Amino acid sequence: MTLPPFASSPEGPDALRPLLDTVLDALRDGGRARGGPLPAGGPEAVAARIAEAVGDVLPDEGDPDALHALVRALAEGSADPADPLCAAHLHCPPLAVATAADLAVSALNPSLDSWDQAPAASALEAVVTRALARQLGLADALVTTGGTESNQLALLLARETQGSGVRLVCGANAHHSLTRAAWLLGLPEPVVVPAPGGILDPAALDDALTGLPRPLLVAATAGTTDAGLIDPLPEIAALCSAHGTRLHIDAAYGGPLVFSDRHREQLAGLEGAHTVTLDLHKLGWQPVAAGLLAVARPRDLAVLQHRADYLNADDDTEAGLPDLLGRSLRTTRRPDVLKTAVTLKTLGRRGLGAMVDQVCARAREFAALVQNHPGFELYDRPVISTVLFRPAGADDDTVAAVRRGLLEEGRAVLGRARLGGRLWLKTTLLNPHARPDELAHLLKLVEGSTPG
């Protein structure tokens, strides 16, 4: 039996070259077979096609065509975030240059739990995370799998620096991962402050901070997942400072506005936070995962220090080998920072800022189309790149049915959000290549699917 080659060996690049051609052909073939933003037929049809492509998961004899067959099936059955009609979620089309960089990570397979497994990757992570933290007005950052892990880590740091009695105070608009993290960490029941119109009410927050016993952790949001709204961060930061309260800002969606000269002022107040969540696999066009948690006081990270003799023995650390276990709650983890580093270096701040500006402009254009159409109702002008709308006169059941019908047919992928007591269709525009005529077509599809 001839043993298969390894990607990281000296022969690895030559072994990968034909396999990459196979993968690229399969991606192309699968995308053409799908023919739209989503596979048609719904869950049962997709599951049947996958079952047919997989067949026997572990056959006695291997199948040399498995790579092409399974990648093609996955591509055919995937939602395409680069399709302008795929606009439901914070699910971005990944940049080609970032995806190529991610291939190098898979081939080299460094693991960031000890320096001797990832010498260069650990140095790169340190440089890039601190640079990104400075963009946010903070001092350092840890790489995470996304907003959920970042928010949980922010609450953990608050608990370890302020005690297990620290209580989360957040708006009714806060991401579900925050209250879930409080539960996971055994913290007191969170205090949920009203968020009229989808943003945290500073007056209600002031009342809560005045009446509640310490210690407290306030969580604000810069870019809600339902409507892309931003809490009044300067007022919230000032209130937290006046009340001596720790502040976390979940900027998983809105954080990349800092790259834009035009939009970064919307994040004023961010520098007043103790911790900030950032997700570059949303408005940063990175392949999943690309999350960060930025911190204002690097000393807060000391609580994450952990000793495992086979990874960070005292004598190794004293001899100068970097200790990486305190940089994450995970042990084995891939250097997701490489794709981000390549993106930042390739596009620069202006390049990324231009992409941010473009999707924000597209959202305003789409909102104008909705507002000027007598058959639709617009929730409000977009703050970032999310637009909420609904067919005029339709009830919530009709709105939900229109969305599911388009999904079943594979013609468009729209999200849903409940605000103001009503259900809205949600478009999250993250494709800077989207054209105005494509956005107009999306509206026509909704119009054509709405019962007269």
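Above: the structure in question.
Note that this is a predicted model, so its numbers are computed, not measured. (Residues numbered from 1 in each chain as written. Predicted model: local features only at pLDDT ≥ 70, side-chain atom pairs only at ≥ 80, totals over all residues. Heavy atoms only, no water.)

A look at the environment of Arg 264
For clarity, the cut-off: Runs of H or I in DSSP of at least four residues are treated as helices and runs of E of at least two as strands, each being numbered from the N terminus. Accessibility here uses a 1.4 Å probe with only protein chains present; expressed as a share of the type maximum, an area under 20% marks a residue as buried, one over 50% as exposed, and anything in between as partly exposed. Contacts are residue-level and defined by heavy atoms, with any inter-residue pair within 4.5 Å sufficient.
Note that Arg 264 resides in the loop between strand E5 (246-251) and strand E6 (275-279). Take Arg 264: its relative accessible area is 33%, and that puts it in the partly exposed class. Spatially, the C-alpha atom of Arg 264 lies 9.3 Å from that of Gly 353, the residues being 89 residues apart in sequence. The contacts of Arg 264, once residues within four sequence positions are left out, are Gln 135, Leu 257 and Val 258.

Quick notes on the pairing of strand E10 (residues 415-419)
What counts here: Here, a strand pair is defined by DSSP locating no fewer than two bridges between the strands.
Across the two faces of E10 the burial differs, with Gly 415, Ala 417 and Leu 419 buried and Arg 416 and Arg 418 not buried at all. Two elements, E10 and strand E11 (residues 422-428), share five bridges in a ladder whose sense is antiparallel. When the sheet's bridge partners are listed, Arg 418 is paired in E11 with Leu 423. Joining the antiparallel neighbours E10 and E11 is a turn of two residues, in which Gly 420 adopts a positive phi near 60°.

With respect to the nonpolar core
Quick reminder of the rule: Joining through side-chain atoms within 4.5 Å is the link that ties buried Ala, Val, Leu, Ile, Met, Phe, Trp, Tyr and Cys residues into a set, and such a set is a nonpolar core.
Residues Leu 205, Leu 247, Ile 249, Leu 270, Val 276, Leu 283 and Trp 285 are the most contacted members of the largest nonpolar core, which totals 57 residues. When residues of this core are assigned to their parent elements, the largest contribution, seven residues, is made by helix H12 (residues 337-371). In this view, Leu 270 contacts Leu 136, Leu 138, Leu 233, Ile 249, Ala 251, Val 258 and Val 276; residues no more than four positions away in its chain are not counted.

A look at the sheet that holds strand E8 (residues 376-378)
Strand pairing within a sheet occurs via backbone hydrogen bonds; the two strands may be parallel or antiparallel. Worth spelling out the cut-off: The angle between two axes is taken between their N-to-C directions and runs from 0 to 180 degrees, where each axis is a line fitted to C-alpha atoms and a helix contributes only its stretch in contact.
An order of E8-E9-E11-E10 is seen for the four strands of this open sheet, with the pairing classed as antiparallel. Looking at the sheet topology across the chains shown, the edges are occupied by E8 and E10. If you compare each strand with its neighbour and ignore which way they point, the axes differ by 40° on average. Sheet topology places E8 next to strand E9 (residues 386-391); three bridges connect them, and they run antiparallel. Each residue of the ladder has a partner; that of Leu 378, found in E9, is Phe 389. Contacting E9, E10 and E11, helix H13 (residues 396-409) runs over the sheet at an angle of about 30° to E11.

Focus: unusual backbone geometry
The residue after Arg 214, namely Pro 215, is reached through a cis peptide bond having omega 0°. Relative to the assigned elements, Pro 215 resides in the loop between helix H8 (202-211) and strand E4 (216-221). Cis geometry is adopted by the peptide bond preceding Ala 289, which originates at Val 288 and carries an omega value of 5°. Secondary-structure assignment places Ala 289 in the loop between E6 and strand E7 (291-295). One non-glycine residue, Asn 109, lies in positive phi territory at about 55°. As for its position among the elements, Asn 109 is in the loop between helix H4 (96-108) and helix H5 (119-135). Taking the relative accessible area as the measure of exposure, Asn 109 reaches 60% and is therefore exposed. Phi at Trp 285 takes a positive value of approximately 60°, unusual for a residue other than glycine.

Side note on H8
The line we're drawing: Read the arc as the range of directions from the helix axis to the C-beta atoms. Distance and chemistry together define a polar contact, namely a pair of N or O atoms within 3.5 Å, with one atom able to donate a hydrogen and the other to accept it when in protein, and with adjacent residues in sequence counting only for side-chain atoms on both sides.
Within H8, the full set of buried residues consists of Pro 202, Ala 204, Leu 205, Ala 208 and Leu 209. Projected down its long axis, H8 shows its buried positions confined to an angular sector of 155°, all on one face. Away from the buried face of H8 by more than 90 degrees, exposed residues Asp 207, Thr 210 and Gly 211 are located. Buried positions along H8 lie against strand E2 (167-171), strand E3 (191-193), E4 and helix H9 (233-243). The opening residue of H8 is Asp 201, an N-cap whose side-chain oxygen sits 3.2 Å from the backbone nitrogen of Ala 203.

Details of the sheet that holds E4
Strand order in the open sheet formed by seven strands is E1-E7-E6-E5-E4-E2-E3, and the pairing between neighbours is mixed. Two strands lie at the open edges of the sheet, namely strand E1 (140-144) and E3, each paired on one side alone. Across the sheet, the mean angle separating the axes of adjacent strands is 20° when strand polarity is ignored. Where E1 meets E7, five bridges bridge the pair, whose relative direction is antiparallel. Following the sheet pairing, Asp 140 is matched in E7 by Val 295.

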